[in-house]
Amino acid sequence: MSDSPVQPKKVTAILIVAAGRGRRFGSDVPKQYLPIAGICAFRRCLDTFLDLAEVSCIQTVIHRDDQQAYAQAIEGLNDSRLLPASFGGETRVESVLNGLTALADHKPDTVLVHDGARAFVTQRIVRDVMAELMQSDAAFAALPVVDALWRAEGDRATSPVARDGLWRAQTPQGFRFDVLREAHLAYQGDAADDVEIVRAMGTQVKIVCGDPANFKITTPDDLQRAERFVAGDTADKAQR
Ligand SMILES: Nc1ccn([C@@H]2O[C@H](COP(=O)(O)OP(=O)(O)OP(=O)(O)O)[C@@H](O)[C@H]2O)c(=O)n1
Ligand SMILES: C[C@](O)(CO)[C@H](O)COP(=O)(O)O
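Residues numbered from 1 in each chain as written. Chains lettered and ligands numbered in written order. Predicted model: local features only at pLDDT ≥ 70, side-chain atom pairs only at ≥ 80, totals over all residues.

Going by what an unreviewed UniProt entry lists, the protein chain is known as 2-C-methyl-D-erythritol 4-phosphate cytidylyltransferase and is assigned to Sulfitobacter geojensis. UniProt annotates the protein chain under Catalytic activity (unreviewed entry) with the comment "2-C-methyl-D-erythritol 4-phosphate + CTP + H(+) = 4-CDP-2-C-methyl-D-erythritol + diphosphate". Heading Sequence similarities (unreviewed entry) of the UniProt record for the protein chain holds this comment: "Belongs to the IspD/TarI cytidylyltransferase family. IspD subfamily." (UniProt positions renumbered as here; feature names shortened; annotations may be inferred.)

Trainee: Just to check I follow, could you spell out the UniProt feature "site: Transition state stabilizer" (unreviewed entry) in the protein chain for this structure?
Mentor: In this structure's numbering, the residues bearing the UniProt feature "site: Transition state stabilizer" (unreviewed entry) are Arg24 and Lys31. Mapped onto the fold, Arg24 is located in the loop between β1 (12-18) and β2 (35-36). What Arg24 contacts, discounting residues up to four positions off in sequence, is Thr218 and Thr219. Structurally, Lys31 can be placed in the loop between β1 and β2. Discounting residues that sit within four places of it in the chain, Lys31 has contacts with Gly22, Phe25, Ala41, Ala117, Ile217 and Leu223. (Helix = DSSP H or I, 4+ residues; strand = E, 2+ residues; numbered from the N terminus. Contact = placed C-beta atoms within 7 Å.)

Trainee: Looking at this structure, how should I read the site of ligand 2?
Mentor: Inspection of the region around ligand 2 gives Arg92, Asp115, Ala169, Gln170, Thr171, Ala192, Asp193, Lys216 and Thr218 as its neighbouring residues. Here the element with the most residues in the shell around ligand 2 is strand β10 (residues 167-176); it accounts for three residues. (Near = placed C-beta within 6 Å.)

Trainee: Just checking my understanding: could you explain the confidence of the model for the protein chain for this structure?
Mentor: Atomic detail in the predicted coordinates should be set aside for any region of low pLDDT. Chain-level pLDDT for the protein chain is 95 on average; 96% of the residues reach the 70-or-more range. Across the assembled chains, the prediction reports ipTM 0.97 with pTM 0.95. (pLDDT = per-residue confidence, 0-100.)

Trainee: Would you explain the sheet that holds strand β11 (residues 206-209) in this entry?
Mentor: The strands that make up a sheet are held in pairs by hydrogen bonds between backbone atoms, and each pair lies either parallel or antiparallel. If you trace the seven strands from one edge of the open sheet to the other, you get β5-β4-β1-β6-β10-β7-β11, paired in mixed fashion. Of all the strands in the sheet, just β5 (86-87) and β11 have a single pairing partner and so form its edges. With four bridges connecting them, strand β7 (residues 138-144) and β11 associate as parallel partners. Each bridged residue has a counterpart across the sheet, and for Ala139 the counterpart in β11 is Lys206. Sitting on the sheet, helix α1 (residues 41-50) touches β1, β4 (57-62) and β6 (110-115), and the angle it makes with β1 is about 180°. Together, β1, β4, β5 and β6 form the strand contacts of helix α3 (residues 92-103), whose direction differs from that of β1 by roughly 145°. (Pairing = 2+ DSSP bridges. Axes fitted to C-alpha atoms, helices over the stretch in contact; angles between N-to-C directions.)

Have a look at this one:
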């Protein structure tokens, strides 16, 4: 028999924010609930997380006006790890904080925040973020900028911008739960993502390799791209 103490299982929470209005998309039904080959972005990413045994619980954050769309999106699911949804706020920052507040009672060790509008997150990305959190306070998926970058005035290019060291942020963005909650409680104002919020506290954040497939549905073009992606349009995948 081994003398080494038994390590308690880590509690890994997923927080899916889906309370946005999709103003850039501009549809009546919010983009995260629009069907992509019959299954909406929100349900697609939710299923990916539920398929992972490492996930202890999932907190969703939705808009009050979307309760019917949400009920339809989770139809047929019977998994006790899916917690009752919380309501979001005016901004993504507020929605994340509401989700963190709801999760606090579950005492997670770590939390991975994901956009409900990113349909095609992969198990590989989720596992890589989780693995990095074994040794870091924070880690997120991102892709290096590979294109040449130009500053422009209107449609007139003015000066090149160095692309070295630039990354395109994706989600999931993972954190030690206490680190993210403390950072959110101290943070004032808006932020593009949670990395910005913990960086404001000086937390070191590691980058893990994202995936071009893990794009966010922001405009109607993205929904068409998602339809092509599901249809297995390899030309489209190669292009990205
Ligand atoms: N008040 C908000 C704003 C955004 N989100 C979520 O955060 C993610 C960020 O993606 P984004 O494209 O910015 O979503 P929207 O805010 O809906 O889009 P837009 O900015 O075009 O209005 C989405 O899953 C969105 O539902 C949220 O939960 N609560
Ligand atoms: C967290 C994020 O997905 C990073 O790409 C963020 O929500 C992006 O929002 P944006 O307003 O489309 O930049």
